[in-house]
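Given next are the chains, with one letter for each unit.
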Amino acid sequence: MRKGFFTMQRRHFLQGTATTALVAPLAAPSIARAQAKPIKVALGWINNVEYAGVWMGLENGYFKEEGLDVKTLPGGPNAPPPPVTVASGGAEIGYGNWLPYLDALARGNDFVLLAGTFPVSPLGILSLPAKPILKAADIVGKKILVQGPNERTAIDATLALNNLPKQWEGVPAGFSPEPLLAKAGDGYTAFGTNQAVTLEVKMNMVRGKDFFFTSFDSMGYKFYTNLVFVKRDYLAANRATVVGFLKGVTRGWIEDLKDPAVAARLCVTKYGKDLGLDLKQQTRQNELQYAMLKSPTKPDLPLLSLDKDAIEGPMMAAAKASGRENLPSVDKLCDFTVMQEVHAALKKS
């Protein structure tokens, strides 16, 4: 989930007097803010609707109910990666993706994964009817427009997982699919919830007819996106804070599922108001995200919960196919009990 076609997408205690009763109603919000625990959250991308649960949590006061004063730090091409921000103490909680997270661990960071937003990654390849890319074998011999090194890795790993030769030509590209439309390549690495939506919304193109989107997930390269992680020692010392944050986010996503337009409008008019986001595109993106919030193999798994089987199986296979070795055990990578605690608390509330 990345930026759209034409967008670019980061206290006074009142002493008791005879007049306290008169001023207390006005002072209460300030006191509440003073008592709230500040927490910074490093996002992996710009303030768009892929973080709908966060925006709904902020807007509806779910974090305040947990005693938290949440501040988000937007990501993007000019922002440091969340693992760097969290490692340096610039944020307590980070949002990251699978391979960069593993790389951060390999560099000696003692992080722990707590939750995963999307069990199905929206990353894939856009192509046109003249040279459709519908399966992994179709990549071989093609010229692919790629946004960056992570996308190159995704292509190579997908070919490796399918026992196919790594024979393809990569051409650097930005965040817009315009070069594909200009036929500068046979395919373009993109997000099914973003650039593909932009072709629908901005260009009035029909998915499956005027263009094709094939996800890497459908080609066997599977991984969570927007994983939530913290330092292990921070979790040990601040577990209630972490649980409270994730409880607020989970409630935010539950509320978001009622209407995709609400969080989209919040992004366009408030949390991402300076980014030039398109309401129709953000609404459609949010709508498409709904299916990606659920594990296709374990649809009853509670929202944001990590699936140990998926991590031990296809996600580790994807990491190995990308050339990563000496990978830590899943039990060292993850703490599954935090989201269990979150959902147990939500059931009681």
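Conventions adopted
Starting from 1, residues in each chain are numbered consecutively following that chain's sequence as written. Confidence filtering applies because this is a predicted model: local features only for residues at pLDDT of at least 70, side-chain atom pairs given and counted only at 80 or more, and all residues used for totals across whole chains, interfaces and linings. Heavy atoms from the whole structure form the basis of all side-chain values; hydrogens and water molecules are not counted. Each helix corresponds to a stretch of at least 4 residues labelled H or I by DSSP, and each strand to a stretch of at least 2 residues labelled E; elements are numbered beginning at the N terminus. Burial classes: relative accessible area under 20% of the type maximum marks a residue as buried, over 50% as exposed, and values in between as partly exposed (1.4 Å probe, protein chains only). Counting rule applied: Lys, Arg positive; Asp, Glu negative; His and chain ends not counted. Working definition for charges: the position is that of NZ of Lys, CZ of Arg, CG of Asp or CD of Glu. Being paired, for any two strands, means DSSP has found at least two bridges between them. Axis geometry follows a simple rule: fit a line to the C-alpha atoms, using only the stretch in contact for helices, then measure angles between N-to-C directions, giving values from 0 to 180 degrees. What makes two residues a contact is simply this: any of their non-hydrogen atoms within 4.5 Å. For classification, angles of less than 35 degrees are called roughly parallel, those exceeding 145 degrees roughly antiparallel, those between 65 and 115 degrees roughly perpendicular, and all remaining angles oblique. Each residue gets one label: Ala, Val, Leu, Ile, Met, Phe, Trp, Tyr, Cys and Pro are nonpolar, Asp, Glu, Lys and Arg are charged, and the others, such as Gly, are polar. Crossovers are marked right-handed if the path from the first strand over the helix to the second runs clockwise, as seen with the strands pointing away from the viewer. Ring pairs shown here join Phe, Tyr and Trp side chains whose ring centres sit within 6.5 Å, with only the six-membered ring taken for Trp; geometry is labelled stacked below 30 degrees between planes, edge-to-face above 60, and tilted in between. Working rule for handedness: look at the near helix, and if it is turned counterclockwise from the far one by less than a right angle, call the crossing left-handed; if clockwise, right-handed. One speaks of a salt bridge when a side-chain nitrogen belonging to Lys or Arg is within 4 Å of a carboxyl oxygen belonging to Asp or Glu.

(A) Summary view of the overall build of the chain. A tally of regular secondary structure across the chain gives 15 helices and 10 strands. Counting only C-alpha atoms and orienting by the principal axes, one finds that the chain spans roughly 80 × 45 × 35 Å. Scored against the burial criterion, the 349 residues of the chain give a buried share of 52%. Here the chain contributes 40 positively and 32 negatively charged side chains, and the mean placements of these two sets differ by 2 Å.

(B) How the structure looks around the sheet that holds strand β4 (residues 111-118). Strand order in the open sheet made by the five strands is β2-β1-β3-β10-β4, with mixed pairing throughout. Sheet topology places β2 (68-73) and β4 at the edges, where each strand pairs with a single neighbour. Put simply, the sheet's adjacent strands are angled 25° from each other on average, direction ignored. Across the sheet, helix α5 (residues 98-106) is in contact with β3 (93-96), β4 and β10 (225-231); its angle to β4 comes to roughly 175°.

(C) Molecular detail of the packing of helix α2 (residues 52-59) against helix α10 (residues 239-256). Between α2 and α10, whose axes approach to 7 Å, the crossing angle comes to 100°. When the interaxial angle is binned, α2 and α10 end up roughly perpendicular. Contact residues: Ala52, Gly53, Val54, Met56 and Gly57 in α2; Gly248, Val249, Gly252, Trp253, Glu255 and Asp256 in α10. Each residue belonging to the contact of α2 with α10 can be placed in one class, and the counts come to five nonpolar, four polar and two charged.

(D) Seen up close, the pairing of strand β7 (residues 169-172). Pairing of strand β6 (residues 143-146) with β7 involves four bridges; the strand directions are parallel. Residue pairing across strands places leucine 145 opposite valine 171, the latter belonging to β7. Following the backbone out of β6, through helix α6 (residues 149-161) and into the adjacent parallel β7, one traces a crossover that is right-handed.

(E) Main features of the environment of threonine 72. Residue position: threonine 72 is located in strand β2. Taking C-alpha positions, threonine 72 is 9.7 Å from tryptophan 55, a pair spaced 17 residues apart along the chain.

(F) Structural detail: the packing of aromatic side chains. Tallying each qualifying case throughout the model produces nine aromatic pairs. Where phenylalanine 63 meets phenylalanine 245, the ring centres are 5.3 Å apart and the plane angle is 10°; that geometry is what we call stacked. With phenylalanine 63 in helix α3 (residues 62-65) and phenylalanine 245 in helix α10, the pair connects residues that are 182 residues apart, well separated along the chain. For the pair phenylalanine 63 and phenylalanine 245, one class covers both residues: buried. Each residue in the set Tyr101, Phe111 and Phe229 is aromatic and connected to the rest through ring pairs, giving one cluster.

(G) Spotlight on the packing of helix α11 (residues 260-271) against helix α12 (residues 279-292). In the contact formed by α11 and α12, the axes pass within 8 Å of each other and the chain directions differ by 135°. Judged by the inter-axis angle, α11 sits oblique to α12. Here α11 runs over α12; the crossing is right-handed. On α12, the residues touching Pro260, Ala261, Ala263, Ala264, Arg265, Cys267 and Val268 of α11 are Leu279, Gln282, Thr283, Asn286, Glu287 and Tyr290. By residue class, the composition of the contact of α11 with α12 is eight nonpolar, three polar and two charged.

(H) Up close: the pattern of salt bridges. All told, the structure shown has 18 salt bridges when counted by the stated rule. Two residues, aspartate 186 and lysine 131, come together in a salt bridge whose shortest N-O distance is 3.3 Å. Of this pair, aspartate 186 sits in the loop between α7 (178-181) and β8 (187-191) while lysine 131 sits in the loop between β5 (123-127) and β6, and the two are 55 residues apart along the sequence. Since its relative accessible area comes to 16%, aspartate 186 is described here as buried. Overall, the relative accessible area of 46% leaves lysine 131 in the partly exposed class.

Structural measurements only, silent on function.
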